[in-house]
Amino acid sequence: MNESKTYKNYIGGKWVESATGTTFNSINPANKEEILVKLQKSDEKDGDMAVDAAEDAFEKWSSMPAPKRGEILFKAARILEEQKEELAKTMTKEMGKILIETRGDVQEAIDIIKLMAGEGRRLYGHTTPSELPNKFCMTINLPVGIVALITPWNFPMAIPAWKIAPALIAGNTIVFKPASDTPLCAIKLVEIFEKAGIPKGVLNIVTGSGTSVGMPLVKHKKIRGISFTGSVETGQIITKEAGLKRVGLELGGKNVIIVMDDANIDLAVDGAIWGGFGTTGQRCTAASRVVVHEKVGDKFTEKFVERAKKLKVGDGLDPETEMGPAINESQLKKIHKYTEIGKEEGATLLTGGKILTEGKFTQGFFYEPTIFSDVTKDMTIAQDEIFGPTVAIMAAENLEEAIHIANSVEYGLSSSIYTESINNAFKAIEKIEAGLTYVNSSTIGSEVHLPFGGVKNTGNGTREGGIKGIEEFVETKTAYIDYSGRLQRAQIDIE
Ligand code: UN1
């Protein structure tokens, strides 16, 4: 990779420098000395320019038949497929997660783009009988307008694609503001859409911080919709600042795995390792709590800790590595702060709990896979989203208590239960307060054609993925067509 390369914003079909004339670095979290590229440090003016470009492009794009828009999406998916390996490597360098996971991230982007491309031939509205004769009633889906998409660093291509693809197929034009930790992946995605033939101004990207460029977009009068994935705090600010714009939020999680006494313990351990330490625990769907039936607590804990101790931490590009670094220094410090809090509050640290600083770890943001036991539901480590490789084990006497613990948090994104009992499984599906419940698999690994999102403080009710994922980006128009040739008054001329 060319280390000195500077990437520009993409506005109105042109790669342009920021009005600020300044740049920032994207670095490798496995080696902070390695500057990957430089990006534009944009501000409000750049955002305004991007909004104007999106406005200019709107009429033409929204008038293009949706199946035709779909063709461009299909082409983008094909280019992504061709470049999958290269993109995965770039992503591992920029974000840190291991190669099999970054390949999965690119694949998730491919899948959602294909799904939404196909939606171009559906975008179903509905028809329904009228209460009056010779009258036809239907709904159609129209675009919201210019939308701002603000995305996180943990899924640098998949999450932007979850938002870009449905927004495009529905006929919206976009200003995309990616996370400052992974702007290169975002630029690569936009380059692919450019190659696929997206008309100028339809998809614009501005890189820079949330405060300098994200927030002005949130407040911008011409923006009609905002889709944001990130922290609860930022989600709350967006809700306040967005006024009456349509807002889609996908915020934090404090996801639980329940392990029942009849569970296949080895399978549950596999799930807890994958859910707790995959992506270094930096997923909103990470399994940061495991509630174990007291009858199998010791057995599960022993096996889980043994496996966690063996996990190979390192640079995600090394095929031997099983867990990469944290994204940046402040995240690393935050993870460690929670270890200190866990100890202070009386939880038992079973393994991990240290920042790795020796040898190959000196240049990166590495942390040990960390497990606490004797955690009670009100402890800070059982409540707060840590976004790191830290798992809290809690004990429960029975399913009712396990579900009560599961629901004792402000979040409600993902959840899982390991059990061989169909009764336990269905009770958990019904009673756990979460947008997703997995049975006999971990809390992570949603598929793009099903809805994704959560309850409580995890969001505001919108869902991404699947057919529901389009709802965030369409306005429903209701149309009545009266072919009676006379005045027919609803509710009045009904005899
Ligand atoms: C996220 O962490 O924000 O199910 C999304 C999963 C992934 C998506 C995670 N497909 O874990």
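Above this text is the structure in question.
Numbers given for residues are sequential positions, taken from 1 along each chain in its written order. Owing to the predicted nature of the model, reporting of local features is limited to residues with pLDDT of at least 70; listing and counting of side-chain atom pairs is limited to 80 or more, with chain, interface and lining totals taken over all residues. Note that water and hydrogens are dropped before the side-chain values are worked out from all heavy atoms of the structure.

### Observations regarding the site of the ligand
To be near a molecule or strand, a residue needs just one of its heavy atoms within 4 Å of it. Lining the immediate surroundings of the ligand are 13 residues, of which Arg 283, Cys 284, Thr 285, Gly 445 and Ser 446 lie closest. Between the ligand and Glu 108 there is a distance of 3.0 Å, counted from a nitrogen atom to a side-chain nitrogen or oxygen. Polar contacts, as counted here, are pairs of nitrogen or oxygen atoms within 3.5 Å of one another; within protein the pair requires one atom able to donate a hydrogen and one able to accept it, and residues that are adjacent in sequence qualify only if both atoms are side-chain atoms. Within the side chain of Thr 285, one N or O atom sits 2.7 Å away from an oxygen atom of the ligand. Per-residue and other accessible areas follow the Shrake-Rupley method at a 1.4 Å probe size, with only the shown protein chains counted as cover for residues. In the complex, 99% of the free accessible area of the ligand, which totals 320 Å², lies under the protein chains.

### Details of the packing of aromatic side chains
Here a Phe, Tyr or Trp ring, Trp counted by its six-membered ring, pairs with any other such ring whose centre lies within 6.5 Å, and the pair is stacked when the planes are under 30 degrees apart, edge-to-face when over 60, and tilted otherwise. Throughout the structure, instances matching the rule amount to 6 aromatic pairs. Measuring from centroid to centroid gives 6.0 Å for Phe 277 and Phe 304, while their planes differ by 25 degrees, and the two rings are stacked. Separated by 27 residues along the polypeptide, Phe 277 in helix α9 (residues 265-277) and Phe 304 in helix α10 (residues 297-310) bring together distant segments of the chain. Using a 1.4 Å probe on the protein chains alone, a residue whose accessible area is under 20% of its type maximum counts as buried, one over 50% counts as exposed, and one in between counts as partly exposed. For Phe 304, a relative accessible area of 0% translates into the label buried. Clustering of aromatic rings is evident, with ring pairs tying together Phe 277, Phe 300 and Phe 304. Numbered from the N terminus, helices here are DSSP runs of H or I no shorter than four residues, and strands are runs of E no shorter than two.

### Quick look at the packing of helix α3 (residues 84-95) against helix α6 (residues 183-195)
The axes used here are C-alpha line fits, helices contributing only the stretch in contact, and every angle between their N-to-C directions lies in the interval 0 to 180 degrees. α6 packs onto α3 with a crossing angle of 155 degrees between their chain directions and a minimal axis gap of 9 Å. When the interaxial angle is binned, α3 and α6 end up roughly antiparallel. The segment α3 lies against α6, with Leu 87, Thr 90, Met 91 and Glu 94 engaging Pro 183, Leu 184, Cys 185, Lys 188 and Ile 192. Taken together, the residues of the contact of α3 with α6 sort by class into 6 nonpolar, 1 polar and 2 charged. If an angle is under 35 degrees, it is roughly parallel; if it is over 145, roughly antiparallel; if it lies from 65 to 115, roughly perpendicular; otherwise it is oblique. Any two residues whose heavy atoms approach within 4.5 Å at even a single point are treated as in contact. For this classification, Asp, Glu, Lys and Arg are treated as charged, while Ala, Val, Leu, Ile, Met, Phe, Trp, Tyr, Cys and Pro are nonpolar and the rest, including Gly, are polar.

### Describing the pattern of salt bridges
We define a salt bridge as a side-chain nitrogen of Lys or Arg found within 4 Å of a carboxyl oxygen belonging to Asp or Glu. Going through the model one piece at a time under the given rule, you end up with 20 salt bridges. Linking Asp 378 and Lys 377 is a salt bridge whose minimum nitrogen-to-oxygen distance equals 3.7 Å. A relative accessible area of 27% places Lys 377 in the partly exposed class.

### Some words on the environment of Thr 90
Note on placement: Thr 90 falls in helix α3. For the pair formed by Thr 90 and Met 379, sequence separation is 289 residues and the distance between their alpha carbons is 38 Å.

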